[in-house]
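Architecture and fold: a report
Chain by chain, the residues:
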Amino acid sequence: MNELANLFDAALLSSTMRFATPLLLAALGGLICERAGIFNIALEGLMLTGAFAAVAGSYYAGVLGGVGAAVVAGAALAALYAGFVVGLRSDEIVVGIALNLLASGLTVFLLRALFGVKGAFQDPRIEGLGSVRLPLIEAIPIVGPLLSGHSWLVYAALMLVAIVWVVLFHHPLGLRLRGVGEQPDAAATLGVNTRRVQAAALIVSGMLCGLAGAQLSLGSVTLFVEGMSAGRGWIAVVAVLLGRAHPVGVAVACLVFGFTDSLGFRLQGRDIPSQLTEMLPYVVTLIGLAIINSRRAQQKGLQP
Amino acid sequence: MVATSSEAPALELRGIVKRFPGVLANDHIDLAVAPGEIRALLGENGAGKTTLMRVLYGLYPPDDGEILLDGKAQRFRSPTDAIHAGIGMVHQHFMLFPSLTVAENVVYGREPQRWGLLDRTAAARQVAELAERYGLQVDPAARVADLPVGSRQRVEILKTLYRDARVLILDEPTAVLTPQERQGLFQILRELASQGKTVIFITHKLQEVMDLADHATVLRGGMVEATVAVADSSPEALCRHMVGRDLLPQLAKVPQATGESLLAVNNLVVLDNTGRRIVDQVSFEVRAGEIVGLAGVAGNGQSELVAAIAGLRSPAAGRILLNQDDVTATSIAARRQAGLAYIPEDRNRVGLALAASVADNLILTGRHNPTLTQRGVLSQAGIERYTTDLVERFDIKIASVREAVDHLSGGNRQKVVTARELAQEPLVLIAEQPTQGVDVGAAESIHHNLLAVRDQGRAVLLSSAESSEILALCDRILVMFEGRIVGELLAEELANDPAAEATIGLLAAGGEV
Amino acid sequence: MSTHRATQDGSSSSQLTQRLRPLAAPLLAVLGALVLGALLMLVTGHDPLAAYRAMFEGALGGRKLANLMATLARATPIVGMGLAITIALRGGYLNLGGEGQLVLGGLTSALVALYLPLPGWLLLPVSLVGGAVAGAAWALLATGLDRVFRVPLLIGTLLLNYPARYLASYLVNHPLRDVASGMSQTHRVPEGVELAYLVPGTRLHVGALMVLALVLVATWVVRRTRVGYELRMTGLNPDFARYGGINTVRLGFGTMAISGSIAGLVGAMEVLGTHHRFIDNALTAPLYAWTGLMAALLAGSSPLGVLAAGLFFAAVHTGGFGMERGAQVPRELSRVLQALMILLIAARSRLLTPTHRDAPAEKASSS
């Protein structure tokens, strides 16, 4: 009992938020694309690009420069994605895979070309995001440690969930976006430029993934490691599927993954080999997707 | 209301020309429609009706000619331009967002806003007002996915009215409607015309023209054949304009003694995605040497019935017997082995692999034949012989059997499907809308192929939305309505009966004879 | 309303262009990537011409063609993995799980070679087969998740890479570790179980010939057999295949099993031919699986094309070392070049048929 209480303490909840935030930011981007009728599988590469750009930007121009660079880099790569998928009507899966590979190659190349290092880059000049303390909320048990003491991007991510929800369901732009995703021909006959809507969705998702990357490399640590997104972009893709492209559902899915991540991290400190705990998020993701998708398929058989 | 020469036309087309590679789809078309007039645009498939309406809606730029609205020349670069100028289009395939509400569908792209956000209350109010004003019954808060087809069409009309359309174009608006819904639509269109809207509807059903239109313009071969006042015309006269001669003589169909039952369906039940009985206790049989027709308005269970027989959909109850063997639970491969062949409705998605060659498409059914494969290895020479033989026999116009199917015209594609399905000399052939979107020559040859199967003492089940096709080919006709067979008609009784099509139509609408 | 093409130009020159046309897009993509790579080098202050010269030398030259041998040795797993992906892609199945299948194949073959009490002559084939079976099992797990639990194959295969990697890593770090070596690796496999070298003094082993044979067999099966025909039709239009009586479920499991077994076999060959033990990260760090995927995408799912693309990517990769030595350009540029080629080729190709996903409504071809 005592053992269990030690395992599930406030720090665990706090690190849940930390682990969930990059997933959440990227998944919100994926959600927007999904609603616009594009399966964005480049989240991984966009996030990795963001993480690198954040470190590089922070190294040269301070933390805001880092976040700005991450957003711009994410948007630029996503604009390239849009150019192929929306402009040239290329296969979004193939282009997405190519972009993921490009991001992993390019970040490693630039790491050496710009900073002359291999593997990981750490430097005192890289400024981290720091943490924000919420004076009143801090004192509340459970909620306090859950909510207080994070980087400001964590709070931004939570606010973005609400913003995305409002725009998607209560703003003309959201209505148009959903229409484009559901019936592009119908949207086009009503004078909505479907290509522009889809390109915009991709670029916004790129910016969100850039923020996700910034949280990854400047949030709780201040360094860049080769391939540091380590499959989180793919988990974000799954979170979009699990949350049925609804902001609240996606947020819940991301929090669950964040919790698994932080639980795995915690178990590592207890003589459980890290390789086994690192498996946890992927196994949980697969099992979750299997349970929910097969149940949905059953329901679909009975009702539309 | 009859247009008078003093009134300026609401819409005028002058010398519209539209060419496609190898086809002159619109050849100097002139058309003038008065405000408040209902105009029918009549013509056979391929006469150029749809092309003309697409030009008018800004989907195709015309190669020559001009469009005038209220006497002012227009240039439409896109549908948006046409909408702004006051043209509204109700497409044959509805352009709606099923997951959104009626109000959201109507205001989409021109949303009322409050505090920068979508004002749903205002949207619902405006839609309700419009519906009230023109007598269209529809609930603004309902989700489109939950609406029946007739209501969806009203949503489409509301969309055009919300955008202040003065000229409404409806492309074959009655094709998907039940007779009650059709009457409702006619009432709405008359109301719209009486309030000064100009209505153009495209059709090839003569009776509708007589019932609804003030004037009819008949297109043939891309040209205007005639424009007549409906009051001074007759269905026969319109038909002569449309076809260019009197009605076709009947296909030569020798009565044939029918043999044993080759296909039997007993109390078949098929459920749709919602668990509703889309096919409800259907029983019938098709005997050797006959063509049995399956008639009815689309969506009354014919497709699901055919899919169940073909093995693409599993029935919830009932039995299917092929040549007296129960095949209800067997695989598609086993059914084909037992002598079933199937020309599916959607040749592009189901009946063909478009990116593959003609040869690859032709050998699908015969791939187990010793001429084509020996011990699992394809015989190149055998395939060459087999496919070139089929190409010749079925008069498929291609350069080479290695050509990809997506280069072929609709008629040639359908010939590829037909050739492949008949190549194995099936006992039972199911043909579903076999001449839809196919040119006249190809349609004729496909009809001859079906009759040949019958005359060789095998069985054909023909599902078609064209009553004329059913009447011309079938020995017996089954009419489906709401998942049930509501009538069985014998060809000999219907022969030379001028009301035959009307009889089928009535049954298909749930009426009694 | 399309009219059929009435003209037929049967002259030999047009037949030649017809044959060469499939090559045009990949060649343009390669050229475009080299140009973009040159720009990147100019921006980062390198000399692109010197770099490409060093790359060429590094890929194909060297004393006694040592670099060429290194390229061929590296091409072996890349072509093998490319073939595994290509087979699946032909049927319309996107297998992104090559990495996991490769790792488990390699691990299993090492374990069989180390721990199965079999006579030496039998151990080598059993070890290879064991690797193939492990790869197939991992691929079938993803296929089953797709068929039974509706987990999209793309997601299932991809996510299963991570447990496979971590499991192998755990085993060679803990229970099965060769502690004496001080590294994260298993013990060395017995000598008789190693694959022989083709050229002494290089790392080119018999596996290269096995991969070549597999490519030729796969080409023949896809083009000349009924199963190959059924696979191609399923890849082009699964509804058409099903309608024609092809058992697409069985075909899907079979295809994925073969795809996974080739990946597993490649892992086994690398373990038995190159490393002679399972070393943590030795199969994942060189990105064989991903480079193989890129080769498959570049080659447009033709087995012979994969052979060419795999050799080319291997050359780019070994050339990268030469470039780093000769022109001081980080060799990671070769990865950028590879990704750019895929990006450029993807601009025009639609490898997966739209019917495998939600296809847009087709326009009726009426008047």
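Residues numbered from 1 in each chain as written. Chains lettered and ligands numbered in written order. Predicted model: local features only at pLDDT ≥ 70, side-chain atom pairs only at ≥ 80, totals over all residues. Heavy atoms only, no water.

Below, the discussion takes up the overall build of chain C. If you tally the helices and strands in chain C, you get 13 helices and zero strands. Along chain C, from the amino end to the carboxyl end, the secondary structure elements read α-α-α-α-α-α-α-α-α-α-α-α-α. Counting every position in chain C, which comprises 367 residues, the buried fraction comes to 57%. The contacts in chain C between residues at least 6 apart in sequence include a share of 73% that link residues at least 24 apart. Accessible area for chain C stands at about 15,400 Å²; split by element, carbon and sulfur atoms hold 65% of it. (Helix = DSSP H or I, 4+ residues; strand = E, 2+ residues; numbered from the N terminus. Buried < 20%, exposed > 50% of the residue type's maximum accessible area, 1.4 Å probe, protein only. Contact = heavy atoms within 4.5 Å. Areas by Shrake-Rupley, 256 points an atom, 1.4 Å probe, with all protein chains shown as cover.)

Chain A puts 47 residues into the contact, and the matching count from chain C is 48 residues. For the pair chain A and chain C, the two sides together bury roughly 4,100 Å², of which 77% comes from carbon and sulfur. Among the residues of chain A in contact with chain C, A:F109, A:Q275 and A:L286 are the three that bury the most area, contributing 16% of the side total. At the surface where chain A touches chain C, the tally comes to two salt bridges. Joining chain A to chain C, the criterion identifies six residue pairs in polar contact (both at pLDDT 80 or more). Looking at the side of chain A that touches chain C, the elements with two or more residues in it are helix 3 (43–87), helix 4 (92–115), helix 10 (232–242) and helix 12 (274–302) of chain A. Sorting elements by how many residues they give to the side of chain A that touches chain C places helix 4 of chain A first, with 17 residues. Taken together, the residues that form the side of chain A that touches chain C break down as 32 nonpolar, eight polar and seven charged. (Buried area = accessible area lost by both parts, 1.4 Å probe. Salt bridge = Lys/Arg side-chain N within 4 Å of Asp/Glu carboxyl O. Polar contact = N/O pair within 3.5 Å; in protein donor to acceptor, adjacent residues only side chain to side chain. Nonpolar A, V, L, I, M, F, W, Y, C, P; charged D, E, K, R; others polar.)

A word on the pattern of salt bridges. Across all of its chains, the model carries 38 salt bridges over all chains by this definition. Between B:R77 and B:D81 there is a salt bridge whose closest N-O contact spans 3.7 Å. Two residues, B:R393 and B:D389, come together in a salt bridge whose shortest N-O distance is 3.4 Å. Residue B:R393 and its partner B:D389 are both found in helix 13 (residues 380–393); the two are separated by four residues, about one turn of the helix. Here the residues in one salt-bridge network are A:R112, C:E324, C:R331 and C:E332, joined through shared partners.

Our focus in this paragraph is the interface of chain A and chain B. Taken together, the contacts link 24 residues of chain A with 27 residues of chain B. Ranking the residues of chain A by area buried against chain B places A:L175, A:T189 and A:L190 at the top, with a combined share of 32%. On inspection of chain A and its partner chain B, the count reaches one salt bridge. Across the pair A:R176 and B:E111 runs a salt bridge, and its minimum N-O distance is 2.6 Å. Mapped onto the side of chain A that touches chain B, the elements with two or more residues apiece are helix 6 (152–170), helix 7 (172–182), helix 8 (184–189) and helix 12 of chain A. Ranked by the residues each element gives to the side of chain A that touches chain B, the list is headed by helix 7 of chain A, at seven residues.

Residue and element names in this part refer to chain A. With the rule as written, the count across this model stands at zero disulfides over all chains. Cysteine C33 is unpaired, with the sulfur of C209 as its nearest cysteine sulfur at 7.9 Å. Taking relative accessible area as the criterion, C209 reaches 0% and is therefore assigned buried. (Disulfide = S-S within 2.5 Å.)

This part takes up the packing of aromatic side chains. Following the criterion strictly, the structure yields 16 aromatic pairs over all chains and no others. We note B:R336 situated over the ring of C:Y243; from NZ or CZ to the ring centre the distance is 4.8 Å. (Phe/Tyr/Trp six-rings, centres within 6.5 Å; stacked < 30°, edge-to-face > 60°. Lys NZ or Arg CZ within 6 Å of the ring centre and 35° of its normal.)

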